[in-house]
Structure formats: structure tokens, C-alpha cells
Amino acid sequence: MKMLQYFLGIQLTVLALCFSPYAFATVPGKFVSSKTSLNSIRFGEFHTDSIHRLDFRYSDRKRGLKPFIAPAVLIAGGTILNYSDVKYDIQEWVSKHHSYQGAADDYLRFAPVAGLYSLNALGVKAKNNIGNQSALLFKSVLLNTIITKSLKKAFNEKRPAGDPDSFPSGHTSLVFATAQVIHHEYGENSIWYSVGAYSCAATVGALRIAKGAHWASDVLAGAGIGMLSTELVYLTHQYKWDWAHMKRLDIFPFSVGPQKGLTLVYSF
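Every value quoted in this text rests on a predicted model; they were computed, and no experiment measured them. (Residues numbered from 1 in each chain as written. Predicted model: local features only at pLDDT ≥ 70, side-chain atom pairs only at ≥ 80, totals over all residues. Heavy atoms only, no water.)

## Considering helix H8 (residues 130–155)
Operational definition: Numbered from the N terminus, helices here are DSSP runs of H or I no shorter than four residues, and strands are runs of E no shorter than two. In this analysis, the expected span of each helix is defined as 1.5 Å times one less than the number of residues it contains. Pairing of N or O atoms within 3.5 Å defines a polar contact, subject to two protein rules: one partner must be a possible hydrogen donor and the other a possible acceptor, and residues neighboring in sequence count only if both atoms are side-chain atoms.
For H8, spanning 26 residues, the distance from its first C-alpha to its last is 37 Å, which sits close to the expected 38 Å at 1.5 Å a residue. Of the residues that open H8, the one with a side-chain oxygen 3.1 Å from the backbone nitrogen of Gly131 is Asn129. Count one or two residues on from H8 and you reach Asn156, which has phi positive near 55°.

## With respect to the side chain of Glu185
Using the following cut-off: With a 1.4 Å probe rolled over the protein chains alone, any residue whose accessible area is under 20% of its type maximum counts as buried; one over 50% counts as exposed, and the rest are partly exposed. Counting rule for charge: Lys and Arg are taken as positive, Asp and Glu as negative, and neither His nor the chain ends is counted. Think of a salt bridge as a Lys or Arg side-chain nitrogen and an Asp or Glu carboxyl oxygen that are within 4 Å of each other. Note on contacts: a residue pair is in contact if any heavy atoms of the two residues lie within 4.5 Å.
Here Glu185 shows up in helix H9 (residues 170–186). Of the side chains with opposite charge, Lys127 lies nearest to the buried Glu185, which makes no salt bridge, at 6.6 Å. In terms of polar contacts, Glu185 uses its side chain to reach the side chain of Tyr234, at 2.5 Å. Excluding anything up to four places from it in sequence, Glu185 contacts Leu116, Lys125, Ala126, Lys127, Asn128, Gln133, Leu136 and Tyr234.

## Observations concerning helix H10 (residues 191–210)
In a regular helix each residue adds 1.5 Å, so 20 residues correspond to 28 Å; H10 covers 28 Å between its end C-alpha atoms and thus fits that length. All of the buried residues in H10 are Ser194, Ala197, Cys200, Ala201, Val204, Gly205, Leu207, Arg208, Ile209 and Ala210. Looking one or two residues beyond H10, the residue adopting positive phi is Gly212, at roughly 80°.

## Observations regarding a nonpolar patch on the surface
The following threshold applies: Exposure above 30% relative accessible area and the lack of any salt bridge qualify a residue for a patch; like charges then connect within 9 Å, and the nonpolar side chains Val, Leu, Ile, Met, Phe, Trp and Tyr within 5 Å. Accessibility throughout is a Shrake-Rupley quantity obtained with a 1.4 Å probe, and a residue counts as covered only by protein chains that appear here.
On the surface, a nonpolar cluster with roughly 350 Å² of combined accessible area is contributed by Ile191, Trp192 and Val195. Structurally, Ile191 can be placed in helix H10. Classification of Ile191 as exposed rests on a relative accessible area of 58%.

## Quick word on the environment of Leu116
Within the secondary structure, Leu116 sits in helix H7 (residues 111–121). Each C-alpha atom, one on Leu116 and one on Glu185, is 8.5 Å from the other, the two residues being 69 residues apart in sequence. Apart from the residues within four sequence positions on either side, Leu116 is in contact with Gln133, Leu137, Val181, Ile182, Glu185 and Tyr186.

## Structural notes on the nonpolar core
The criterion, for reference: Among buried residues, the Ala, Val, Leu, Ile, Met, Phe, Trp, Tyr and Cys ones that are joined through side-chain atoms within 4.5 Å form a nonpolar core.
If you look at the biggest cluster of nonpolar residues, it comprises 23 residues, and the most contacted ones within it are Leu116 and Phe176. When residues of this core are traced back to their parent elements, those giving at least two are H7, H8, H9, H10 and helix H11 (216–236). Take this core: its biggest share by element is six residues, from H9. Counting six residues, the second-largest nonpolar core is a separate cluster that includes Leu81, Ile209, Ala216 and Val219.

The structure is reproduced here in C-alpha cells:
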């Protein structure tokens, strides 16, 4: 129970940091909202801002819970399989018929990222501009990494070869998180963009099992966590990473008595 509380606390903290629309002044022991005036910072006065209301896009509200069904099924299925002897039978069958030794899975996990920027370079129309795409991708990968690593420590499962940190699969969660970005950005243009991204992600998961690096349960849960991470990021992203908004961002040093730091200021 303590491990679960620790894990949930980490996730809530990360969500708050990743999705906050405000920047903060870096002062030892203090956080200063970016809306604090320069004079207030100079004289050491700190004011409380009103809570920003998240402005979800209509398309995100309209989708409801549908985008979360597949991730939930994958995570639940992987977790159940993790405590079942069936995962050993699957691993034994794969080892006999489809054993694999190579490094293709290590490279393919980055293929959706390369695909995202390649499509941008080719001028294929996306849902968002490249600034927002990059911000969404970065936050998805960050959130996914924190969730995955936290769960690895919490479950402490052994890999088929006996190494630690098996559940869930980090390779699989990463590639499915980035494949989900491709689906969001280009899936409405053509279903084949989504098919290609998911096929690449599924291939990485299959190779991890064939390589003996993970159980099938690790791969299923990892795929769900990757998709879920991206869905949460798209649900809460503020879509302000374009050139018009970036010109409103200022960075400058400041000093309050013996304390010094950098301030990020965004003008609304």
C-alpha cells in the first residue's frame, strides 16, 4: 500500500509539473509564478495567482472515454497475465519457434519519432504545428518514462533471463507512446499513418518477447501505458507552442537579496 501511495504521489506531481500553463522563477525554496511583475520580484514580494482553468479542445471532449479503452484493456490484460502461469507457456513456445537475437528492437523504438519529423519535413499536413508536436512528444515521453520506471521498481519482476525490472516493458511503452502521437497528428489524414506506426510498435514488442528480454505480460502492459501517457498529455496540453506564443516568452536573471536565479516570464 505504501508503494502504491508513493507511485500515485509521483504521478500527480509529474502531471502538475508537465501540464501547468505557467512557468516559474527558480528561487531556492520558493516558486514564483511567471505572472508576478518584475517589480514584485525585484523587491522580494510574491503574489498568488488565480487558478488557471484548463481549456480542453472540443474534439477532446467529444471523444470522451473512447481513447482510454484500448490502453485500459492492455494494462489490465498485461497485469492479469503477469500473475498467471500462461506467460511461461507463451515464453517457452516463442523461444522454441521464434527465438531472436539482434538489436533491431533497440533502433525501431525510435522509428515513430523519426517518422513524425520526416512527415513534417515532407510537408504532410498534421493536426498541430511542429512546435506543439515537439512539446506533446516531449511530455508524452517524459510522463511515460516516469510511469514505466516507477512501476518497474514497484513490481520488481524478473525477466525471462533472470535480470530485474521486467514489468512493464520500457521499449514497448516508449514506442507505443510515440506511435500514439503519430496517430493523433496524422491519423485523420489517412489510417495508414496509424497502421504504420502501430505496426512498428507491435514489432518492437514482439521482438522483445522473442529476444527473451520480456514476458508477454510486460509487453501488453507497456503498450497500454505508452498509449495512456500520450492520451493524458493530449487531453491537458494547452497548444501554445507556436511562434506567435513563443515570442511572448522572456528569460532573464534576477536577484532577491542573497538569492539569485533565472525567471521565465510568459506574457498573456
